[in-house]
Amino acid sequence: MSEQDKQKHKARMQAHKEKVDERIAQATEERGIVIVITGNGKGKSTSGFGTVARAVGHGMNAAVVQYVKGTWPCGERDLLQQVGVPFHVMGTGFTWETQDKETDMKAAQAAWEQSRQWLADPQIDLVLLDEITYMLTYKYLDVDDVLQALANRPVHQSVVITGRACHRAVIDIADTVSEVRPQKHAFDAGIKAQKGIDW
Ligand code: ATP
Ligand code: MG
């Protein structure tokens, strides 16, 4: 690399660092946030559980509500319960498995009751509401109830919401929203869902 290239690189990096430092200096507010991980690609729940692991690793208190996927095995649940993370698992499977709307609605309400308690508990630093978006899509839960509980939560508490097709009103109040877009999925190539990767 020529001396000129080195100098150019240095100047570019310096300018970049100044911009980054400026933005870091501007971010002074300290409060919990609402994170939405939505979209059709793989990685939404993995991200939510990754954040729970992160918080727990710092000695913080996290709680998890699993909407929809209640009867399935789940590696993260088995691990996190061992370190004392409380879980509420919605007791039914997918709607197209149970085919019983009334049972699903009752299960959704019970899961929401627990969610609401954790969203009001200042001892809980992070709440993961995994797959809650479907409850709003199916109207098993009232979006205004959810928005109100999120708005009234303890100021330092963060919440991760996962699931496809997140309701617009939830996206609007969220602080961080990521959409996971599928470029490829192994399942489409005929590869079976597998332990340790998909659950
Ligand atoms: P993960 O739990 O792996 O992070 P996810 O939460 O983003 O996935 P969900 O919609 O909750 O996705 O679906 C869970 C299951 O469906 C997982 O087994 C996942 O691998 C699979 N899956 C996710 N996205 C796709 C896709 N685009 N095509 C096929 N299967 C998918
Ligand atoms: Mg998921």
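Numbers given for residues are sequential positions, taken from 1 along each chain in its written order. For this description, chains carry letters from A and ligands carry numbers from 1, given in the order in which they are written. Only residues with pLDDT of at least 70 are given local features in this predicted model, and only at 80 or more are side-chain atom pairs given and counted; all residues enter the totals for whole chains, interfaces and linings. With hydrogens and water set aside, each side-chain value is computed from the structure's full complement of heavy atoms.

Enquirer: When you look at the overall build of the chain in this model, what are you seeing that I'm missing?
Expert: Helix and strand definitions follow DSSP, with helices as H or I runs of at least four residues and strands as E runs of at least two, each counted in order from the N terminus. In terms of helices and strands, the chain carries eight helices and six strands. Along its sequence from the N terminus, the chain presents helices and strands in the succession α-β-α-β-α-β-α-α-β-α-α-β-α-β. For the chain, the spread of C-alpha atoms along the three principal axes comes to 70 × 45 × 35 Å. Using a 1.4 Å probe on the protein chains alone, a residue whose accessible area is under 20% of its type maximum counts as buried, one over 50% counts as exposed, and one in between counts as partly exposed. For the chain, the proportion of its 199 residues judged to be buried stands at 37%. Across the chain, the fraction of contacts at a sequence separation of at least 24, relative to all contacts at a separation of at least 6, is 74%. The Shrake-Rupley method, run with a 1.4 Å probe, gives the accessible areas here. Residue values count only the displayed protein chains as cover. Split by element, the accessible area of the chain, about 12500 Å² in all, is 52% carbon and sulfur. When charges are tallied, Lys and Arg are placed among the positive residues and Asp and Glu among the negative ones, while His and the ends of the chain are skipped. Working definition for charges: the position is that of NZ of Lys, CZ of Arg, CG of Asp or CD of Glu. In the chain, the 24 positive side-chain charges and the 26 negative ones have mean positions that sit 8 Å from each other. In what follows, residue pairs with any heavy atoms lying within 4.5 Å of each other are defined as contacts.

Enquirer: Would you take a moment to explain the nonpolar core for this structure?
Expert: One recurring pattern in soluble globular proteins: nonpolar side chains tend to sit buried together. If you look at the biggest cluster of nonpolar residues, it comprises 32 residues, and the most contacted ones within it are Tyr67, Met135, Leu141 and Ile161. At six residues, helix H5 (residues 101-119) tops the list of elements feeding residues into this core. Discounting residues that sit within four places of it in the chain, Ile161 has contacts with Val34, Ile35, Val36, Ile37, Leu129, Ile132, Thr133, Leu150 and Val170. As used here, the term nonpolar core means buried Ala, Val, Leu, Ile, Met, Phe, Trp, Tyr and Cys residues forming a set that is joined through side-chain atoms within 4.5 Å. Counting 14 residues, the second-largest nonpolar core is a separate cluster that includes Ile35, Ile37, Phe87 and Val160.

Enquirer: It is not clear to me how the pairing of strand S1 (residues 34-38) should be interpreted in this structure. Could you clarify?
Expert: Counting buried residues in S1 gives five out of five residues, a clear majority hidden from the surface. The side-chain alternation of S1 yields two buried faces, one formed by Val34, Val36 and Thr38 and the other by Ile35 and Ile37. Inspection of the sheet shows S1 paired to strand S5 (residues 158-162) by four bridges, in the parallel sense. When the sheet's bridge partners are listed, Val36 is paired in S5 with Ile161. Pairing between strands is defined by DSSP: at least two bridges between them are needed. Summarising the sheet, S1 and strand S6 (residues 176-179) pair through four bridges and their orientation is parallel. Paired with Ile37 across the strands is Ser178, a residue of S6.

Enquirer: What exactly am I supposed to notice about the site of ligand 1 here?
Expert: Any residue with a heavy atom lying within 4 Å of a molecule or strand is counted as near it. Around ligand 1, a shell composed of 14 residues is seen, among which Lys42, Gly43, Lys44, Thr46 and Asp198 lie nearest. We call two N or O atoms a polar contact when they sit within 3.5 Å, provided that within protein one can donate a hydrogen and the other can accept it, with sequence-adjacent residues counted only if both atoms are side-chain atoms. Lys42 places a polar side-chain atom, nitrogen or oxygen, 2.5 Å from an oxygen atom of ligand 1. Contact distances for ligand 1 include 2.7 Å between an oxygen atom and a backbone N or O atom of Lys44. Considered on its own, ligand 1 offers 570 Å² of accessible surface; in the complex 83% of this is hidden by protein. Side-chain classes follow a simple rule in which Ala, Val, Leu, Ile, Met, Phe, Trp, Tyr, Cys and Pro form the nonpolar group, Asp, Glu, Lys and Arg form the charged group, and the remainder, Gly included, forms the polar group. A class-by-class count of the residues in the shell around ligand 1 yields two nonpolar, six polar and six charged.

Enquirer: Any chance you could explain the sheet that holds strand S3 (residues 87-89) here in plain terms?
Expert: The sheet built from six strands is open, its strands ordered S3-S2-S4-S5-S1-S6 with parallel pairing. Since the sheet does not close on itself, it has two edges, and those belong to S3 and S6, each with one partner. Averaged over neighbouring strand pairs, the angle between their axes works out to 10° when direction is ignored. For strand S4 (residues 126-130) and S5, the ladder comprises four bridges, and the chain directions are parallel. The partner of Leu128 across the bridge, within S5, is Val160. Axes here refer to lines fitted to C-alpha atoms; in helices the fit is confined to the stretch in contact. Angles between the N-to-C directions go from 0 to 180 degrees.

Keep in mind these values describe shape, not function.
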